[in-house]
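Residue-level listing of the chains:
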Amino acid sequence: MMPGRFIVVDGVEGAGKTTQLAFMGDYLKRAGQQVVPTREPGGTALGEEIRDLLLSHRHDGMALTTETLLMFAARAEHLERIVRPALAAGRWVLCDRFTDATYAYQGGGRGLPLERIAILENWVQDDLHPDLTLLLDLPVAVGLERAGRRGAADRFEREEGAFFERVRAIYLERAKQRPNRYRVVDASRPVEAVRAEVEAILADWLERSDG
Ligand code: Z5A
């Protein structure tokens, strides 16, 4: 059996990940792929409980080491229970955020040394990395304005603009360093324009994987 594909969509607040992931799932299903939509932190029962701890204001002021270890605890569960089995079964995993978000938010945003994140990444993931990461990029102010329309802000959304500028900078730097794995998509455009580019990228991938 052909192994599946691991595709991640990531980016700053309000980039439109959820919106585009829904289109991507439909597109891949129409192309005959079996799709597993999932997200981080979360994706499993335990992971969703950890997500609740991470986003809730009950834990404002959580230590940065605790926050980072909880991200990777959720990730370990997610990889073992959902991602690895799905890939082994030939399915296409579509994941809303992954380890780039840890580099961007805990590393760039909060200032955790990136080498510490790399240690956890190696431990938890071994050799498992996304086949493709779509970085939906847009000016921070535009993303925050979009995200603000959704109502109550979680523990991350309460951060100031400079935090998200650092987050965005790390995402862009990582994409620049790994051009084979990343595609940077200008997410400031209307939904349909972003969708068209995302689907063109996926079409290329489908052609390359050839079933
Ligand atoms: N986090 C972390 O710190 N470390 C980690 O390792 C991981 C995560 C994995 C939860 O993430 C938090 O976890 C996140 C980082 C942290 N920080 N926060 N907050 P999340 O991805 O689950 O939640 P989110 O980041 O709050 O989602 P989002 O980025 O704000 O939303 P989105 O999925 O990118 O966008 P959307 O829901 O599709 O769209 C937002 C709105 O904009 C909505 O009204 C859309 O209709 C609209 N939209 C979408 N696209 C467009 C376009 N193109 N034009 C105009 N309007 C649009």
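Residues numbered from 1 in each chain as written. Predicted model: local features only at pLDDT ≥ 70, side-chain atom pairs only at ≥ 80, totals over all residues. Heavy atoms only, no water.

Considering the site of the ligand
Neighbouring the ligand are 29 residues; T18, T19, R51, R97 and T102 lie closest to it. G16 is positioned such that a nitrogen or oxygen atom in its backbone is 3.0 Å from an oxygen atom of the ligand. Contact with the protein chains removes 86% of the 1000 Å² of surface that the ligand exposes when unbound. Among the secondary structure elements, those contributing two or more residues to the shell around the ligand are α1 (17-30), α2 (45-55), α3 (64-88) and α4 (99-109). Among the elements that take part in the shell around the ligand, α4 stands out by supplying 4 residues, more than any other. Split into classes, the residues belonging to the shell around the ligand amount to 11 nonpolar, 6 polar and 12 charged. (Near = heavy atom within 4 Å. Polar contact = N/O pair within 3.5 Å; in protein donor to acceptor, adjacent residues only side chain to side chain. Areas by Shrake-Rupley, 256 points an atom, 1.4 Å probe, with all protein chains shown as cover. Helix = DSSP H or I, 4+ residues; strand = E, 2+ residues; numbered from the N terminus. Nonpolar A, V, L, I, M, F, W, Y, C, P; charged D, E, K, R; others polar.)

Focus: the packing of α4 against helix α7 (residues 161-177)
Think of two packed helices as two axes; the pair is described by the angle between the axes and how far apart they sit. Across the interface, α4 lies against α7 with an axial gap of 8 Å and an inter-helix angle of 135 degrees. Between α4 and α7, the crossing angle belongs to the class labelled oblique. Considering how the two elements wind past one another, α4 and α7 form a crossing that is right-handed. Of the residues in α7, those in contact with D100, A101, Y103, A104, Y105, G108 and G109 of α4 are F163, F164, R166, V167, I170, Y171 and R174. Of the residues contributing to the contact of α4 with α7, the split by class is 9 nonpolar, 2 polar and 3 charged. (Axes fitted to C-alpha atoms, helices over the stretch in contact; angles between N-to-C directions. Parallel < 35°, antiparallel > 145°, perpendicular 65-115°, else oblique. Left-handed = near helix turned anticlockwise from the far one by under 90°. Contact = heavy atoms within 4.5 Å.)

A short note on the sheet that holds strand β3 (residues 92-96)
Taken in spatial order, the 5 strands make up an open sheet running β2-β3-β1-β4-β5, and their pairing is parallel. The open sheet is flanked by β2 (35-39) and β5 (182-186), the only strands paired with a single partner. The sheet shows a mean angle of 20 degrees between the axes of neighbouring strands, taken without regard to direction. Pairing of strand β4 (residues 132-137) with β5 involves 5 bridges; the strand directions are parallel. By the bridge assignment for β5, L136 is matched with V185. Each of β1 (5-11), β4 and β5 touches α7; the most contacted strand, β4, lies at about 140 degrees to it. (Pairing = 2+ DSSP bridges.)

Examining the nonpolar core
Counting residues in hydrophobic clusters, the biggest one holds 60 residues, and the most contacted among them are F6, M24, L28, V93, Y105 and Y171. Among all residues touching V93, those that are not within four sequence positions of it are R5, F6, I7, V36, T38, V83, A86 and L87. (Core = buried A, V, L, I, M, F, W, Y, C linked by side-chain atoms within 4.5 Å. Buried < 20%, exposed > 50% of the residue type's maximum accessible area, 1.4 Å probe, protein only.)

Description of α2
Restricting attention to buried positions, one finds in α2 the residues G47, I50, R51, L54 and L55. With its buried residues spanning 125 degrees around the axis, α2 presents them on a single face. Turned more than 90 degrees away from the buried face of α2, the exposed residues are A45 and E49. Turning to α2, the residues buried within the fold contact β2 and α3. (Arc of directions from axis to C-beta.)

Details of the environment of F72
Structurally, the position occupied by F72 is in helix α3. Here the alpha-carbon distance between F72 and R174, two residues 102 residues apart in the chain, equals 19 Å. Once you skip the residues sitting within four places of it in the chain, F72 turns out to touch T99, T102, I117, L120, E121, V124 and Q125.

Some words on helix α5 (residues 114-125)
In a regular helix each residue adds 1.5 Å, so 12 residues correspond to 16 Å; α5 covers 16 Å between its end C-alpha atoms and thus fits that length. For α5, every residue scored as buried is listed here: I117, L120, E121, V124 and Q125. Buried residues of α5, viewed axially, fall in a sector of 105 degrees; they line one side. In this structure, α5 carries E115, R116, I119 and W123 as exposed residues pointing more than 90 degrees from its buried face. Structurally, α5 contributes buried residues whose contacts are with α3, α4 and α7. At the C-terminal side of α5, D126 shows a positive phi close to 50 degrees. (Expected span 1.5 Å × (residues − 1).)

Coordinates in, geometry out; function isn't part of it.
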